[in-house]
Structures are given as structure tokens and as C-alpha cells.
Amino acid sequence: MRASPASQLGRDIKLHEDAASEAIIRAFLARQEDALPVLGEETGWAGRPAGAEALHWVIDPLDGSFNYFRGVPLYAVSVALCRGRRPLLGAIYDPERDELFAGGEGLGLRVNGRTVVAPAPARQMLATGFPSRADVGVTLARLGDLAAGWTKMRMLGSAALSLAWVAAGRLDGYTESGIMWWDVAAGLALAQGAGARTIRCEPLEGDAVDVLVER
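First, a word on what this report is: a plain description of the structure on this page. The model shown is predicted, which means the values in this text are computed figures rather than measured ones. (Residues numbered from 1 in each chain as written. Predicted model: local features only at pLDDT ≥ 70, side-chain atom pairs only at ≥ 80, totals over all residues. Heavy atoms only, no water.)

**Description of the sheet that holds strand S11 (residues 125–127)**
Overall, mixed pairing links the 5 strands, which are arranged S12-S11-S13-S15-S14 in an open sheet. One side of each edge strand has no neighbouring strand; the edge strands of this open sheet are strand S12 (152–154) and strand S14 (198–203). Within the sheet, the average angular offset between the axes of one strand and its neighbour, ignoring direction, is 10 degrees. With 7 bridges joining them, strand S13 (residues 173–180) and strand S15 (residues 208–214) adopt antiparallel strand pairing. Looking across to S15, one finds that Met180 is bridged to Ala208. (Pairing = 2+ DSSP bridges. Helix = DSSP H or I, 4+ residues; strand = E, 2+ residues; numbered from the N terminus. Axes fitted to C-alpha atoms, helices over the stretch in contact; angles between N-to-C directions.)

Here's what the structure looks like:
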């Protein structure tokens, strides 16, 4: 287990490492020529909030914070370039396995610089999750309905890592209801780059979304 969390409310946890990681990423992006606005999980918007068609960055500095806190090696850093709610390219870094997933629509998918061609689609392994703000009863009922259509279900505890593994063909699908936009923006770009057959992202209140991706 890591050091004590900065805060914990219900099923949501905030770590000092979350804020430190976001600060490093924001500082790097701010040094770039023609720096774009940034939306981050920890501190919201930097620069003017982007309009519907304005380019901006969306970052989740540590997706899978509870896993990281407990020493479970399933977490990632996620950065996406977006135009509104359309992710154009994404990068997800898995520190535990030293894997960098990068790609986007028309760009393909690369892992550590090597082009990845996912295996043929299969309806076997579905990744999902239990968002910290989700209604327990509704989520459990939804998971029961999902289980009938898939061979296996997995909860990694990181939406970003789940989507990266779907894009790479290690998993076959991912769905989650009420997940936050910054958790999935980069992963949706990777899915586009990998040529996923189904990509749905429906906005909910605030920055929450419903997501379904199938290879």
C-alpha cells in the first residue's frame, strides 16, 4: 500500500500522486508552441474552456488510483487531443509494463512504436467497471444483463487501460455507464485507430458519459 491518500469520499479516492502527475503533464503542455487549453481530472480547465469545435487536451494523470494506492499493478496515464467530444489522437502509458499505446483515427495503433494489428473480432472478454458515483443497484442489474452475452467479464479498475487493451486485441469489448470523459477520451482514440467496429460515447450530466466499444 502507498502513502495515505489526500482524500477519500465513499468509493472515490484522491492521491497526492494524482495531483503531482497532472502538474507535470500540464507544465509540459504549457511549454509547447501555441499551447492549447487543457481539461484535467484534478484541476479542471487551464486556459480558456474549449468551445464545441476548439482543439484541446484532455488528461487523466492517474487512471486507476485505487489500484495504485493498494499496490495493484493496473493503472495508467492518459492524454488525448480532442475537438469537442471527438478524440483525435490518444496516448496511454502503462508504467508497470512500460507500454505506451498511441494512435487515432487514420493513424492506426502503435505500442512502444510498433504497429499493432489486432486479432479477428471475438465476443469473448468484456471489460467493464463500477464508477465511484454509480448507483449500486442499477450497476449490478446492468452487469447481470451484460454477462449473458459474453464468455468472460473483467474489471481492471482502469477504464484507460481497459480501452488500450481492447484496441490492442487483448480484450474484445469495454462498456461503462457514468464514467468520466477524461477516463476514456484517449482510449476511444486508440479504438478508432485500431478500427473498432463499434464505438459509442453518449454524454450524460456534466463530464460523465456512457461508453461502449467492441472490436
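**Overview of the nonpolar core**
In terms of nonpolar packing, the biggest core is built from 38 residues, with Trp165, Tyr174, Trp181, Val184, Val211 and Val213 touching the most fellow members. For this core, the secondary-structure elements that each account for two or more residues are strand S6 (76–83), strand S9 (108–111), helix H4 (159–167), S13, helix H5 (181–193) and S15. Leaving out residues up to four positions away in the same chain, Trp165 has contacts with Leu74, Asp94, Arg97, Phe101, Leu156, Arg170 and Leu171. Counting residues in hydrophobic clusters, the runner-up holds 7 residues, among them Ile25, Leu29, Trp57 and Leu81. (Core = buried A, V, L, I, M, F, W, Y, C linked by side-chain atoms within 4.5 Å. Buried < 20%, exposed > 50% of the residue type's maximum accessible area, 1.4 Å probe, protein only. Contact = heavy atoms within 4.5 Å.)

**A look at H4**
Residues separated by three or four positions in an α-helix point in the same direction, a consequence of the helix having 3.6 residues per turn. Within H4, 9 of the 9 residues are buried, which leaves the element mostly enclosed by the surrounding structure. Where H4 is concerned, the buried positions are Ala159, Ala160, Leu161, Ser162, Leu163, Ala164, Trp165, Val166 and Ala167. Just beyond H4, the residue with positive phi is Gly169, at close to 85 degrees.

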